[in-house]
Amino acid sequence: MLAGALPYLRCPHCGAALHAAGSAIRCEAGHSFDVARQGYVDLMPPGRRPAGDTAEMVAARAAFLGAGHYEAIAEAVAAEAAGGDGCVVEVGAGTGHYVERAAAGRVAIALDTSRYALRRAARAGLAAVGCDAWRALPVRDGVASAVLCVFAPRHADELRRILAPGGRLVVVTPTPRHLAELVSSLELVTVDARKPQRLARALGEPDREQLVEERLELSREDVRALIAMGPSARHVDADAVARAAETTLSVRVAVYGR
Ligand SMILES: C[S@@+](CC[C@H](N)C(=O)[O-])C[C@H]1O[C@@H](n2cnc3c(N)ncnc32)[C@H](O)[C@@H]1O
Ligand SMILES: [Zn+2]
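Described in the following lines is the structure provided in the data block. The structure displayed is predicted, hence computed values, not measured ones.

**A few points about the nonpolar core**
Among the nonpolar cores identified, the biggest contains 51 residues, and Tyr70 and Leu148 are the most heavily contacted of them. Tallying contributions element by element places helix α3 (residues 71–81) first for this core, with 7 residues. Ignoring anything within four residues of it in the chain, the contact list for tyrosine 70 reads Phe64, Leu65, Tyr98, Phe151, His178, Leu179, Leu216, Leu226, Met229 and Leu249. With 38 residues, the next largest nonpolar core counts Leu2, Cys27, Leu169 and Ala254 among its residues.

**Describing the site of ligand 1**
The environment of ligand 1 is formed by 20 residues, the closest being Asp53, Gly92, Asp112, Ala133 and Val150. One nitrogen or oxygen atom from the main chain of glycine 92 is found 2.9 Å from a nitrogen atom belonging to ligand 1. Residues of the shell around ligand 1, tallied by class, amount to 10 nonpolar, 5 polar and 5 charged.

**Examining the sheet that holds strand β2 (residues 24–27)**
Strand order in this open sheet of 3 strands is β1-β2-β3, and the pairing throughout is antiparallel. Two strands close off the open sheet at either side, each with one partner strand: β1 (18–21) and β3 (32–34). Each adjacent strand pair in this sheet contributes to an overall mean axis angle of 30°, direction not counted. Examined bridge by bridge, β2 and β3 share 3 bridges and lie antiparallel to one another. If you follow isoleucine 25 over to β3, its bridge partner there is phenylalanine 33.

What counts, and where the lines are drawn
Residues numbered from 1 in each chain as written. Chains lettered and ligands numbered in written order. Predicted model: local features only at pLDDT ≥ 70, side-chain atom pairs only at ≥ 80, totals over all residues. Heavy atoms only, no water. Core = buried A, V, L, I, M, F, W, Y, C linked by side-chain atoms within 4.5 Å. Buried < 20%, exposed > 50% of the residue type's maximum accessible area, 1.4 Å probe, protein only. Helix = DSSP H or I, 4+ residues; strand = E, 2+ residues; numbered from the N terminus. Contact = heavy atoms within 4.5 Å. Near = heavy atom within 4 Å. Polar contact = N/O pair within 3.5 Å; in protein donor to acceptor, adjacent residues only side chain to side chain. Nonpolar A, V, L, I, M, F, W, Y, C, P; charged D, E, K, R; others polar. Pairing = 2+ DSSP bridges. Axes fitted to C-alpha atoms, helices over the stretch in contact; angles between N-to-C directions.

This is the structure:
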């Protein structure tokens, strides 16, 4: 699936166009990037690679999303991202769950730093590209009719740069109510309450936003996956504390134009 994405990507070293060259991808200036056996390509800028999600976190996320609990988020994101041509890019895409649903015939590009996430996204048939979301993205200016950022790092200037005129940037963030019952009863790492203000400062006012909120009934296995896929994975023994629970899904879906 990488071939279809090449017209939208650029060399992380010099910004030149990319083309396929056997099992590698090359820029006009001769920088070369191997396509991994699993089908993704790293277009990481020189320097330290951010860690990203571990194999266990990615597997837990795939299981939790596969069970359909965040379907309401996927639907809202796909509806907001609809229309236009070119490509749809998700930054910090993980398994690529949201961009796969939102692409609707357009080229779907999943950006992440985690090799485990990139493998999954490539296996799902997406153009999976390794990069650092906090630095210049390996995507050309103004090519994405939609850019998605779901529970992921947001580098406002870069998200806007890759957005096509008339395109939409769709940003999903948790509200303080998100999973609140689980957070307090299991002492999970809490949502940063200052996030909305920080987001507003970086991106300005959204053109519109909606609250997606519903009750979730989770099995013990769902709760185990939820802990294992998130920031609590390193602090909490998911197997020891997981139990069936009812909780609240509560996220803000904000849409910004260019
Ligand atoms: C909370 S997960 C969300 C994944 C996906 N958007 C979803 O909601 O299913 C955050 C993702 O961002 C990735 N990530 C973290 N830091 C990153 C960075 N600096 N550059 C690129 N990806 C990063 C992680 O590897 C992980 O897949
Ligand atoms: Zn180059």
